[in-house]
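A look at the structure
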Amino acid sequence: MMADNNQENILAVPDMKLELVPIPVSDVDRAKAFYVEKAGFRLEVDVRPTDTMRVVQFTPPGSACSIVFGTGMGEITDMQPGSVKGLHLVVADIREAREALVKRGLEVGEVWDVSGVKYAGFSDPDGNMWLLQEFPAHLRS
């Protein structure tokens, strides 16, 4: 039986914070170098809890959400490398963010505008696609 979707039930849901997103990669060391050296993410964890498991976790500058990849992590490791598309990195100034990444040697596409919201994209070595997004304050509700 489904619960009634009334105000009391809706308010009863506790906070749920998205804090870790798995990213499928084919080569952990190559991806680690990319995310640290090119994308400027902060390395948080690189551990080998078992002989067959490695967990590597990074956080984009200023983010409360991290990414994870590695080996021996069951269905997470079994995901198709390069299959994650459109993860958004929200920035205050897209041109400044794009320029900083380009200076680090990252290939970032040109900025495009969709009704005042600006985007620029890049991909990791496996083809996982990221988007920088500048969402101007005057467009927020």
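Residues numbered from 1 in each chain as written. Predicted model: local features only at pLDDT ≥ 70, side-chain atom pairs only at ≥ 80, totals over all residues. Heavy atoms only, no water.

**A closer look at the sheet that holds strand β4 (residues 66-71)**
Basically, it comes down to this: By definition, two strands form a pair when at least two bridges between them are found by DSSP. Here a strand is any run of E in DSSP of at least two residues, a helix any run of H or I of at least four, and the numbering for each starts at the N terminus. Where helices are involved, their axes are fitted lines through C-alpha atoms of the stretch in contact, as for all axes, and angles between N-to-C directions lie from 0 to 180°.
With mixed pairing, the four strands of this open sheet are ordered in space as β1-β4-β3-β2. Where the open sheet ends on each side, the last strands, each with one partner, are β1 (20-22) and β2 (42-50). For this sheet the average axis-to-axis angle between neighbouring strands, irrespective of direction, equals 25°. Summarising the sheet, strand β3 (residues 53-59) and β4 pair through five bridges and their orientation is antiparallel. Within β4, the position partnered with Phe58 by the bridge is Ile67.

**Regarding the sheet that holds strand β6 (residues 112-114)**
The strand order across the open sheet built from four strands is β5-β8-β7-β6, with neighbouring strands paired in mixed fashion. Strands with a single pairing partner mark the edges of an open sheet, and in this sheet they are β5 (85-90) and β6. Along the sheet, successive strands turn relative to each other by an average axial angle of 35°, direction set aside. Inspection of the sheet shows β5 paired to strand β8 (residues 129-134) by five bridges, in the parallel sense. Bridge pairing links Leu87 to Trp130 in β8.

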